[in-house]
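# Coordinate analysis (summary)
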Amino acid sequence: MIHGCFWHAHDCPAFRVPKTRSDFWLAKFAANRERDARLARAAAAAGWDCITIWECEVADTERLADRLRLQLGPPRYRDQVAMHSNVVGEISHPGGFESTRAV
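Here is a short report on the structure shown in this document. (Residues numbered from 1 in each chain as written. Predicted model: local features only at pLDDT ≥ 70, side-chain atom pairs only at ≥ 80, totals over all residues. Heavy atoms only, no water.)

### Observations regarding the packing of aromatic side chains
To be explicit about the condition: Centre distance within 6.5 Å is the pairing criterion for rings of Phe, Tyr and Trp, where only the six-membered ring of Trp is used; planes under 30 degrees apart are then read as stacked, over 60 as edge-to-face, and the remainder as tilted. Each helix is a run of H or I in the DSSP string that is no shorter than four residues. Each strand is a run of E no shorter than two, and both are numbered from the N terminus. Working definition: with a 1.4 Å probe on protein chains only, accessible area under 20% of the residue-type maximum means buried, over 50% means exposed, and in between means partly exposed.
Going through the model one piece at a time under the given rule, you end up with 8 aromatic pairs. Note on Trp7 and Trp25: the rings are 5.7 Å apart at their centroids and 55 degrees apart in plane angle, and the pair reads as tilted. Separated by 18 residues along the polypeptide, Trp7 in the loop between strand S1 (2-3) and helix H1 (22-45) and Trp25 in helix H1 bring together distant segments of the chain. A residue is classified by how much of its surface remains accessible, and Trp7, at 43% relative accessible area, is partly exposed. For Trp25, a relative accessible area of 17% puts it in the buried group.

### As for helix H2 (residues 61-72)
One turn of the α-helix equals 3.6 residues, which is why residues spaced by three or four share an orientation. Using the following cut-off: How far a helix is expected to stretch is found by multiplying one less than its residue total by 1.5 Å.
An ideal rise of 1.5 Å per residue puts 16 Å on 12 residues; H2 measures up with 16 Å between its terminal C-alpha atoms. Directly beyond the C-terminal end of H2, a positive phi value near 85 degrees is found at Gly73.

### Notes on the pattern of salt bridges
Definition in use: Note on definitions: salt bridges are taken to be side-chain nitrogens of Lys or Arg within 4 Å of carboxyl oxygens of Asp or Glu.
Counted by the stated rule, this structure contains 2 salt bridges. Where Arg69 meets Asp66, a salt bridge forms, and the shortest distance between an N and an O atom there is 3.1 Å. Taken together, the residues span about one helical turn, with Arg69 and Asp66 both in helix H2 at a distance of 3 residues. Assessed through its relative accessible area of 45%, Asp66 is described here as partly exposed.

As structure tokens, then:
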């Protein structure tokens, strides 16, 4: 999931509660967080693992890539990916491995 820091009330410097209509915004942020939690539970119940990427993380792509590598684990072998998808091309990653891209 990719979340905007403002809309999902991320605890980071990018998030500030607006000074006007604060009660409205606090309720809106609470409802957004509740919906996020509900969707994460539904995904987990369906057998999916979720990773949340925050808007503020996107600025430092190397740090974000490191976090994703840690959370996702090692890359799959190209043959394993090809078995499960319609391969249309290769992607070379800065980490020194190659994977395939599916449509």
